[in-house]
Number of protein chains: 2
Amino acid sequence: MRLGTLTIVGVGLIGGSVGLAARRRHLAGRVLGAGRQPATLERARQLGAIDEACPDVNAAVRRADLAVFCTPVDLIAEQVLAAAPGCSPGTVLTDAGSTKAAIVAALDGRLPDGVAFVGGHPLAGSEKRGPEHADADLFEGRLTVLTPTPRTDPAALERTAAFWQALGCRVKTMAPEEHDRALALTSHLPHLLASALAGVLPPELRELTATGFRDTTRVAAGDPSIWTGIFAQNRPAVLEALARLEERLGRFRAALEAGDADALTELLAQAKTVRDALGN
Amino acid sequence: MRLGTLTIVGVGLIGGSVGLAARRRHLAGRVLGAGRQPATLERARQLGAIDEACPDVNAAVRRADLAVFCTPVDLIAEQVLAAAPGCSPGTVLTDAGSTKAAIVAALDGRLPDGVAFVGGHPLAGSEKRGPEHADADLFEGRLTVLTPTPRTDPAALERTAAFWQALGCRVKTMAPEEHDRALALTSHLPHLLASALAGVLPPELRELTATGFRDTTRVAAGDPSIWTGIFAQNRPAVLEALARLEERLGRFRAALEAGDADALTELLAQAKTVRDALGN
């Protein structure tokens, strides 16, 4: 795939990585970075993630053949709705948000004729923020989930898939609600747990943590407002995932209280089987 | 410090790392590896972790100036009790077990005159097993907790501290029960949580995990029987730590159910503050 102009809205870790990957792979004639914070845009430009810094988001999206929104999930739909009316027919809009159902529902059937939105979520990231932490290889070998609806233009879906593949991703399509239920377990619940665990550590015990505590809580360093937005958009599925976890914790508690070594070993062995299957 | 003979009982990841670190630093004239599995001993010898493989544990400990037991926590006390009677006066015995109170209680005041046991726990490790994963730098900059009792010979405590320091560790002393309460929160609870989380992942969602899930569950790849032993020796403190975590999860649940974004952001922000303070 080769684009004339690629616009990236939000040039933090994800948007910056899109830019670095796109420029390294010569995916677009020009890469525009759009956002409200001039200092961040300028850093992204200096780091080589974008060719041009555009403080006017709508104007930058209108110049795009394809625009990708890498902003917090609670901003994406309104930004797309604001920018789409000025876009040329054939423009494809996609995003990198961690939730999909609310965003897709807010946009489905509400864009001008010829302008398509295809929900996307690259399963890549970090607890860090900002274009300084962007990485041209962030998407290499990762999975991007696309969440078309029955109204999604097949040609736009195909272009969006080709875009993420050009950045190095494998692509899988799922219904938005199915994506959100799955990610509640694979991403949102881990974040909640890591935060709960970090939250119970008294300051005087910090020196007694080692790699186990650090690995298990690493994602808790993520931006609280970003994650509040994600949880807010996926409440029922996160609560359902939390209920499953609480049930499993109850089994650990029962085995511990009963001093049932066999039950404990079996719970630990089941977990090890799952974890070993994931690799590093 | 310079030892004549150092004996390592159990030459897996921890014992093997002790051997590699001791040999690289010329800490002992001779490093003996003792254990029940000849194949593991031979691998440790080939990897340069020990000078000599000794299938007779008691005989190897009797030859030592200092012996360190790097075996599962439920074996350490009985191995020490079996080996100590043949040791020369002045021999120092220590261990690397993740729990301390049960081990120390089983040994305190029960060893022959002149033979000392000083409980130790280097806060270093990995979910991996075996001497193949041993690392000469594993202890570099890490903390080792020593758990003397009022009966512990001060000279033996000093020698044990010098031993772990010579491997690269900082050393801190704590009462055995205090160690176990702290580690229940900083190590045993994270393992339990990681295992519970891995345990609720259905196989069909494995492809939808990314670094967040993988980091948060990494320790769940640890050996189930080793961890059952740790949990069994520290049940009350682990149950108490689990109760704290359940209370915190309840606060997350309440904030989610109420759609209280401010409460959620505050919980996440508290966790971020703690996690940021730990560094990588």
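Residues numbered from 1 in each chain as written. Chains lettered and ligands numbered in written order. Predicted model: local features only at pLDDT ≥ 70, side-chain atom pairs only at ≥ 80, totals over all residues. Heavy atoms only, no water.

A few points about the relation of the copies chain B and chain A
Heads up, the condition is: Least-squares superposition aligns the copies on the C-alpha atoms of those residues with pLDDT at or above 70 in both. Contact between two residues is taken to exist if any of their heavy atoms lie within 4.5 Å; hydrogens are not considered.
Note on the identical chains: chain B maps onto chain A by a rotation of 180° and an axial translation of 0.0 Å, with an RMSD of 0.0 Å. Taken together, the rotation angle and the small translation identify this as a two-fold axis. Among all C-alpha atoms of chain B, that of T216(B) lies closest to the rotation axis, at 2.0 Å. With an isologous cut-off of 70% or more, the 100% of interface residues of chain B that recur at the interface of chain A puts this contact in the isologous class.

Observations regarding the environment of K272(B)
Worth spelling out the cut-off: To qualify as a helix, a DSSP run of H or I must reach at least 4 residues; to qualify as a strand, a run of E must reach at least 2; elements of each kind are numbered from the N terminus. Between N or O atoms, a polar contact is any pair within 3.5 Å; within protein, one atom must be a potential hydrogen donor and the other a potential acceptor, and residues adjacent in sequence are included only when both atoms are from side chains.
Inspection of the secondary structure assignment puts K272(B) in helix α11 (residues 261-278). Among the polar contacts made by the side chain of K272(B), one reaches the main-chain carbonyl oxygen of A221(A) at a distance of 2.8 Å.

Regarding helix α9 (residues 224-233) of chain A
Here is the rule: Whether a residue is buried, partly exposed or exposed follows from its accessible area with a 1.4 Å probe, protein chains only, as a fraction of its type maximum: under 20%, in between, or over 50%, in that order.
Of the residues making up α9(A), those classed as buried are P224(A), W227(A), T228(A), G229(A), I230(A) and F231(A). Of the surrounding elements, those touching the buried residues of α9(A) are α4 (73-83), α7 (176-199) and α10 (235-258) of chain A together with α10 (235-258) and α11 of chain B.

Section: the pairing of strand β4 (residues 66-69) of chain A
Looking down a regular strand, the side chains alternate between one sheet face and the other. All names here are of chain A. Keep this limit in mind: Any two strands are treated as partners once DSSP identifies two or more bridges connecting them.
Residues L66 and V68 line one face of β4 and the alternating positions A67 and F69 line the opposite face, and both faces are buried. One ladder, built from four bridges, connects strand β1 (residues 3-9) with β4; its direction is parallel. Residue pairing in the sheet places V9 in a bridge with F69 of β4. Direction of pairing for β4 relative to strand β5 (residues 92-95): parallel, over a ladder of four bridges. Bridge pairing in β5 places F69 opposite D95.

Regarding the sheet that holds strand β6 (residues 116-118) of chain A
Residue and element names in this part refer to chain A. The following threshold applies: Between the N-to-C directions of two axes lies an angle of 0 to 180 degrees, each axis being a line fitted to C-alpha atoms and, for a helix, fitted only over the stretch in contact.
Taken in spatial order, the six strands make up an open sheet running β3-β2-β1-β4-β5-β6, and their pairing is parallel. Edge positions in the sheet fall to β3 (52-54) and β6, since each has one partner strand and no second. This sheet shows a mean twist of 25° between the axes of neighbouring strands, independent of strand direction. As judged from the three bridges shared by strand β2 (residues 28-34) and β3, these two strands associate in the parallel manner. The residue of β3 that forms the bridge with A34 is C54.

Considering the side chain of T40(A)
By the element assignment, T40(A) lies in helix α2 (residues 38-46). Classification of T40(A) as buried rests on a relative accessible area of 16%.

Regarding the interface of chain B and chain A
Selection criterion: Buried area is calculated as the accessible area (1.4 Å probe) missing from two parts once they are joined, with the contributions of both summed. Any carboxyl oxygen of Asp or Glu that lies within 4 Å of a side-chain nitrogen of Lys or Arg is treated as forming a salt bridge with it.
Taken together, the 76 residues of chain B in the interface contact 76 residues of chain A. Summed over both partners, the interface of chain B with chain A comes to about 7400 Å²; 68% of that surface belongs to carbon and sulfur atoms. Between the two partners, chain B and chain A, sit six salt bridges. Of the charged contacts, one joins E207(A) and K172(B) as a salt bridge, the two residues approaching to 2.7 Å between their closest N and O atoms. Connecting chain B to chain A are 24 residue pairs in polar contact (both at pLDDT 80 or more).

Topic: the confidence of the model for chain A
Operational definition: Note on scores: pLDDT gives the predictor's confidence for each residue, bounded by 0 and 100.
In this model, chain A carries an average pLDDT of 97, and 100% of its residues clear a pLDDT of 70 or more. Reported for the predicted complex are a pTM of 0.95 and an ipTM of 0.95.

So, the packing of aromatic side chains
Remark: the centre distance and the inter-plane angle together describe each pair of aromatic rings, the angle taken between the planes. All names here are of chain B. Note the threshold: Centre distance within 6.5 Å is the pairing criterion for rings of Phe, Tyr and Trp, where only the six-membered ring of Trp is used; planes under 30 degrees apart are then read as stacked, over 60 as edge-to-face, and the remainder as tilted.
Scanning all chains against the criterion turns up six aromatic pairs over all chains. Residues F139 and W164 carry aromatic rings whose centres are separated by 5.8 Å and whose planes lie at 70° to one another, so their mutual orientation is edge-to-face. Residue F139 is found in the loop between β6 (116-122) and β7 (143-147), and its partner W164 is found in helix α6 (residues 154-166); the two are separated by 25 residues along the sequence. Its relative accessible area of 0% is what places F139 among the buried residues. A relative accessible area of 0% places W164 in the buried class. Taken together, a centroid distance of 5.2 Å and an interplanar angle of 70° make the contact between F163 and W164 edge-to-face. Neither residue differs from the other here; F163 and W164 are each classed as buried.

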